[in-house]
Amino acid sequence: MGRRVGLARMEVLIENLKRELQLNGSRLIGGKRGLRSTITDSRALTVEESGMMIPLNNSAGSSDLTITLPSPQVGLEYLFVLVANSGGANKILINAGTGNNIQGRKMEIPNGTGNITSGAHNGIQIGFGNSATRGDMLHLICRSSNRWVIVQSASSVAWVTS
C-alpha cells in the first residue's frame, strides 16, 4: 500500500523543485531556430542574432548588399538563405571583418543542366554571385577567435570569393 504524503511535506517537495538554473553564458542546443526579418540593405549582424536563420533579399537592390559578421566568438552561428532571386548584377557578400577568415567547402549546384562542383574557400568574405536564386544558402559557425567555418553551402551560381 502507498504511503500518504501530507500537505506540509508536499509543499516542501515543491519548494525544492523551485531552483534557479545558472547557465553562466552557456548556449542551449537543440532548440528551435529563430527567424529574423528579411535583410534588404547592407548591415552588421549582432551576437544576439546568432542561431537565427537570416533571410536575404537583394532582388530590388541597385548595388551589392554586404552583411558584416560580428567579432568572432566561439559558437556563434548564422544560417543565410536567399528568399528571392538576386537582382541581375547584384551580389550579396558576407564579410568576416579585418583579420578574420571564412574557411570551408563551397558548393555550386547549377540550375537546369550542369555538374555540381565544390571547392575550398579561405578568405575574408564569401558571397552569393550575380543572379543567385531563391533557396541558395550558407551556414557559418565560429570556431576560434578569428575563424568562421562553412558548415554547409549551396549556390546556383559561382560564389564570390574576393
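A quick note: this is a predicted structure, and the numbers were derived from the prediction, not measured.

Scoring rules and cut-offs
- Residues numbered from 1 in each chain as written.
- Predicted model: local features only at pLDDT ≥ 70, side-chain atom pairs only at ≥ 80, totals over all residues.
- Heavy atoms only, no water.
- Pairing = 2+ DSSP bridges.
- Helix = DSSP H or I, 4+ residues; strand = E, 2+ residues; numbered from the N terminus.
- Salt bridge = Lys/Arg side-chain N within 4 Å of Asp/Glu carboxyl O.
- Buried < 20%, exposed > 50% of the residue type's maximum accessible area, 1.4 Å probe, protein only.
- Contact = heavy atoms within 4.5 Å.
- Phe/Tyr/Trp six-rings, centres within 6.5 Å; stacked < 30°, edge-to-face > 60°.

Draft legend 1. A look at the sheet that holds strand β1 (residues 43–44). Ordered in space as β1-β3-β5-β8-β11, the 5 strands form an open sheet in which the pairing is mixed. Unpaired on one side and paired on the other, β1 and β11 (159–160) mark the two borders of the sheet. In terms of strand pairing, strand β8 (residues 125–128) meets β11 through 2 bridges, oriented antiparallel. By the bridge assignment, glycine 127 is partnered in β11 with valine 160.

Draft legend 2. Seen up close, the pattern of salt bridges. Applying the stated criterion to the full structure yields 2 salt bridges. Residues glutamate 49 and arginine 36 are paired through a salt bridge, measuring 2.5 Å at the closest nitrogen-oxygen approach. One end of the pair, glutamate 49, is in the loop between β1 and β2 (53–56); the other, arginine 36, is in the loop between α1 (7–17) and β1, and 13 residues separate them in sequence. Since its relative accessible area comes to 8%, glutamate 49 is described here as buried. The exposure class assigned to arginine 36 is buried, which follows from its relative accessible area of 18%. When the shortest N-O distance is used, the salt bridge between glutamate 49 and arginine 43 registers 3.3 Å. The class for arginine 43 is partly exposed, based on a relative accessible area of 28%. In the salt-bridge network here, residues are joined through shared partners; they are Arg36, Arg43 and Glu49.

Draft legend 3. Up close: the side chain of serine 86. Locating serine 86 in the fold gives a position in the loop between β4 (77–82) and β5 (92–95). Serine 86 gets classed as buried once you look at its relative accessible area, which sits at 8%. Leave out the neighbours within four places in its chain, and serine 86 touches Asn58, Ser59, Ile92, Gly129, Ser131 and Ala132.

Draft legend 4. Up close: the packing of aromatic side chains. Within the structure shown, the criterion is met by 3 aromatic pairs. Their ring planes at 25° and their centres at 6.3 Å tell us that tyrosine 78 and phenylalanine 80 sit as a pair that is stacked. Both residues of the pair, tyrosine 78 and phenylalanine 80, count as buried. An angle of 40° between the planes, with centres 5.0 Å apart, marks the rings of phenylalanine 128 and tryptophan 159 as tilted. One end of the pair, phenylalanine 128, is in strand β8; the other, tryptophan 159, is in strand β11, with 31 residues separating them in the sequence. Among the residues examined, phenylalanine 128 registers a relative accessible area of 0% and is labelled buried. In this structure an aromatic cluster arises from ring pairing among Tyr78, Phe80 and Trp148.

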